[in-house]
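Results of the structural survey
Here is what each chain is made of, one letter per residue.
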Amino acid sequence: MAKDDNLPLFETKLAKGRILFQFYSLLIFVGTCFIFAYRLSHIPAKGEPGRWAWIGLFFSELWFCFYWFVTTVVRWNPIYRNTFKDRLSHRYEKALPGIDIFVCTADPVIEPPVMVINTVLSVMAYDYPPEKLSVYLSDDGGSDLTFYAMLEASRFSKIWLPFCKKFKLEPRSPEAYFRTAVEPLGEPVLAKEWSTVKMLYEDMKKRIENTTKLGQISEEISKEHKGFNEWILVASRHDHQTILQILIDGRDSEAMDIQGQPLPTLVYLAREKRTQYHHHFKAGAMNALIRVSSGISNSPIILNVDCDMYSNNSKSVRDGLCFFMDEEKGNKVGFVQFPQAFENITKNDVYSSSLNVTMQMEMPGFDGNGGPCYIGTGCLHRREALSGKKYNKNFMEDWKRWSNRSVEESTRVLEETSKVLASCNYEENTQWGKEIGVKYDSAVEDVLTGLAIQCRGWRSIYFSPERKGFLGVAPTTLLQSLVQHRRWSDGDFQIFASRHCPFVLGYKNIPLKLQLSYCIYPLWAPTSLTTLYYVIVPSLCLLKGISLFPQISDPWVLAFVFVIFLHRAYSLGECIWFGGTFKGWWNDQRMWLYRRTTSYFFGLLDYILKRLRFTKSTFFISIKVADDDVSQRYDQEVMEFGTSSPMLTILATLALLNAFCFFGGLKRVIADLETMVWEQFALQILLCGLLVFINLPIYQGLFFRKDVASLPTSVSYQSTIFALLACAIALY
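Being a predicted model, the structure only gives us computed values, none of them experimental. (Residues numbered from 1 in each chain as written. Predicted model: local features only at pLDDT ≥ 70, side-chain atom pairs only at ≥ 80, totals over all residues. Heavy atoms only, no water.)

Further remarks concern the environment of P108. Residue placement: P108 occurs in the loop between β3 (99–105) and α4 (113–124). Taking the C-alpha atoms as reference points, P108 and T527, 419 residues apart in sequence, are found 36 Å from one another. Apart from the residues lying within four places of it in its own chain, the contact partners of P108 are P113, S143 and T146. (Helix = DSSP H or I, 4+ residues; strand = E, 2+ residues; numbered from the N terminus. Contact = heavy atoms within 4.5 Å.)

Printed below as a string of structure tokens:
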């Protein structure tokens, strides 16, 4: 046992196959040098057609090369972690620190209360001493419907928690468990209890859904808890006082489950909102939770999850503590980031939402370069790091000082004294949102906050357990996916173009390779311009008869073919290695194109318009539920359009433009077959044909599909006119 006391609580392993990746990178670099040599030595002379198109293509390829270099830096040295929870239990089981868990929701329609409480119940049921767990729900929608659902969840938890622990269930979200588990008919005791608990859950779910459909709380329900009286003073979801209710007080000796075991603390919070105050969206909600929790439980570790990201692994918090409580390296750890994963990904991932490569390659690469970024959910923070404290090399965490803290106030007094911490004017003339808590004034407050924590000297850790820690809901329509990435690209570029740029804020604070790693997402927005150029200009030049690539018989063509083939072959191999399919990889290529020509382009426009003060910051809440018809098409991997949008109009216009140019180019080749003109345009025809092939779902949505999910007629008319106009201008 004494020998075990000296062993680390986690280990770090280097990724395998790095030499092969480095060799591949070297080959790509050499091939790219040949491409640039060709571009520089074959620039059309002044007055020759296509000179400026050629130069533009050269600068686009330079940018692509730079972006490839950044992604290579990220992938150069990925590392993977493994924890030893048995050692943690052996040493610290009686001295485990308290954990405050934050769940955020903002709209009871887009984020249904049933989904919210499933996430809440899943984290309440962690394999962890319940008296050391405190769960806080931030309801930025200020909805009495959500409060009612939380009240129901607090009652059901008395049955659900002992049921989970008795039979060691996974996952511990009731909805997810009963949806996937098979009734244990071979075990009479479990089968009887299983049926009873499921029936109780379905009854609770039905009550909540019926109340939600009704849209208001009945007089009978309002008598069930004093908290409903708070809504008498609520003017609207954007204008109300702080509503704070401790539904379960973990200090109360009567807060027990049906087996007499203590329950976690459960708190509902709707922070004060007034129309004259900016509430800073999710960042403001998180900061209110940090303050309120400091007055109630003040646990040294904070876990935050989105309301749709239920816990899929009951031991996740113990995994995280292995990093914080490691005697040798734990004191420097500021936060531990778990991967973002989704339960509704289709076999071939039609909208490329799984983030498999990002979570299994890029994030470990971040970790190898100095630490992963904070991605807003599934993250364990050290409270002191999140609250603005700088790391000191002499810092030594005293876990006992947190354990010895006691609060003497009654539940009612604690509620009243903590309300002021969530008031609108509490942050006035303070450093909240600047140096303390989650950062403001960014659409990706999570990335900026994580960067600031790292720049204060703290180390971040990325941990991806074999069983995913959290599972969420991915977008089920094309437009939802594009809008989500639009917000991300806008926020990331905003960071890059500000004083918070990794090269400015991170100068001498984080390693250069981590500064470069942080550029992979902020550079999405400007990459849209070069992608649009490559999608439009070569096709129009093909239509007009201007060659921009070497002839098929020219030795220089080998450099282009080699780089393109090797780069895409590696991409395919990477996708397959991380559990994808060939069709899934092809869908990923399609979404790569769609996002860069719409989401990231509009993200760049959003940033420019905000800088010019034409628009203000907005926050888009991703829709977490879908209609049955939409879900059915999503499961069948049929691309969902169904509405008009500038982004869909751009996609349709580009698709038609490339189709017109492709067939126009083929006509030119066939007409001049004897002069071997096809050799001159082979690569351009291949590029244009590839774009046509990748846009097949767009053509189907425009002309062949008649269902409600096809592209609207207005989009068809507009895109056709725009594409024909572009072709006419090019030919003129």
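There's more to say after this.
Spatially, eight strands are ordered β5-β6-β4-β3-β7-β10-β9-β11 in an open sheet, and the strand pairing comes out mixed. Because the sheet does not close on itself, it has two edges, and the strands there are β5 (243–248) and β11 (459–462). The mean inter-strand angle of the sheet, taken between neighbouring strand axes irrespective of direction, is 20°. Here strand β4 (residues 133–139) runs beside strand β6 (residues 265–270); their pairing, made up of five bridges, is parallel. Bridge assignment links S138 to a residue of β6, and that residue is L269. Set on the sheet, α4 makes contact with β3, β4, β5, β6 and β7 (301–306); between it and β4 the angle comes to about 165°. (Pairing = 2+ DSSP bridges. Axes fitted to C-alpha atoms, helices over the stretch in contact; angles between N-to-C directions.)

Further remarks concern the side chain of R75. Relative to the helices and strands, R75 is located in helix α2 (residues 51–75). Ignoring any residue separated from it by four or fewer positions in sequence, one finds R75 in contact with R18, F21, V357, M361, E362, Y570 and E574.

Let's shift gears to the side chain of R39. Within the secondary structure, R39 is located in helix α1 (residues 18–41). In this structure the side chain of R39 is engaged in a polar contact, spanning 2.9 Å, whose partner is the side chain of E61. Discounting chain neighbours no more than four positions away, the residues touching R39 are W54, L57, F58, E61, Y534, L548, F549 and F560. (Polar contact = N/O pair within 3.5 Å; in protein donor to acceptor, adjacent residues only side chain to side chain.)

What follows deals with the UniProt feature "binding site: UDP-alpha-D-glucose" (unreviewed entry) in the chain. This chain's UniProt record puts "binding site: UDP-alpha-D-glucose" (unreviewed entry) on E111 and D140. Spanning 30 residues, the named residues nonetheless gather at one spot, since no C-alpha pair among them exceeds 11.2 Å. In this structure, E111 sits in the loop between β3 and α4. A polar contact of 2.7 Å, which involves the side chain of E111, links it to the backbone nitrogen of A106. By the secondary structure assignment, D140 is in the loop between β4 and α5 (144–167). Owing to a relative accessible area of 7%, D140 belongs among the buried residues under this scheme. With residues near it in sequence (within four places) discarded, D140 still touches T105, A106, R237, R271, K273, F281 and A285. (UniProt positions renumbered as here; feature names shortened; annotations may be inferred. Buried < 20%, exposed > 50% of the residue type's maximum accessible area, 1.4 Å probe, protein only.)

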